[in-house]
Amino acid sequence: QVQLLESGGGLVQAGGSLRLSCAASGRSFSSYNMAWFRQAPGKEREFVAAMRWSDGSTYYGDSVRGRFTISRDNAKNTVYLQMNSLKPEDTAVYFCAATIGYSSIVVDTLAYPYWGQGTQVTVSS
């Protein structure tokens, strides 16, 4: 079992940056594949980024690739999402998620049994 708590959301102007944090509690955090998803009003939850526990490899959604960076600090049981060059269309609630047992990165929400409560990111134009 792992519990997740996001922080770092807020209001930012287009072109600005934010860094989200996701603090995890529970054992064996380093063995979990971690991911970020987002959900805008009236839309389905969308994959943003993920990191594989075994080698730190990463994968990004098309809409954020080149602007967002996922990272983790296993000593602090924390995963981060650095968001640069933010756009109004990045406005959403951002969720941290964790899964275990997958050798490859997965982008399907159904593969992630553990979720945080979410943190709001609003980008003004």
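Residues numbered from 1 in each chain as written. Predicted model: local features only at pLDDT ≥ 70, side-chain atom pairs only at ≥ 80, totals over all residues. Heavy atoms only, no water.

**Structural notes on the environment of Leu-11**
Stated formally: The helix count covers DSSP runs of H or I at least four residues long, the strand count covers runs of E at least two residues long, and both are numbered beginning at the N terminus. Classification of residues uses two cut-offs on accessible area relative to the type maximum, computed with a 1.4 Å probe and protein chains only: under 20% is buried, over 50% is exposed, and between them is partly exposed.
With respect to the secondary-structure elements, Leu-11 resides in strand 2 (residues 10-13). Overall, Leu-11 belongs to the exposed group, its relative accessible area being 67%. Put simply, Leu-11 and Val-121 are 110 residues apart on the chain and 6.2 Å apart in space, counted from C-alpha to C-alpha.

**Focus on the sheet that holds strand 3 (residues 18-25)**
Using the following cut-off: Whether two strands pair comes down to DSSP finding at least two bridges between them. Here, axes are lines fitted to C-alpha atoms. For helices the fit covers the stretch in contact, and angles between N-to-C directions go from 0 to 180 degrees.
Spatially, 1-3-8-7 is the arrangement adopted by the four strands of the open sheet, whose pairing is antiparallel. Of all strands in the sheet, those bounded by a partner on one side alone are strand 1 (3-7) and strand 7 (68-73). Looking at each pair of strands side by side, their axes are set apart by 20° on average, direction ignored. By the bridge criterion, six bridges tie strand 7 to strand 8 (residues 78-83) in an arrangement that is antiparallel. Each bridged residue has a counterpart across the sheet, and for Ser-71 the counterpart in strand 8 is Tyr-80.

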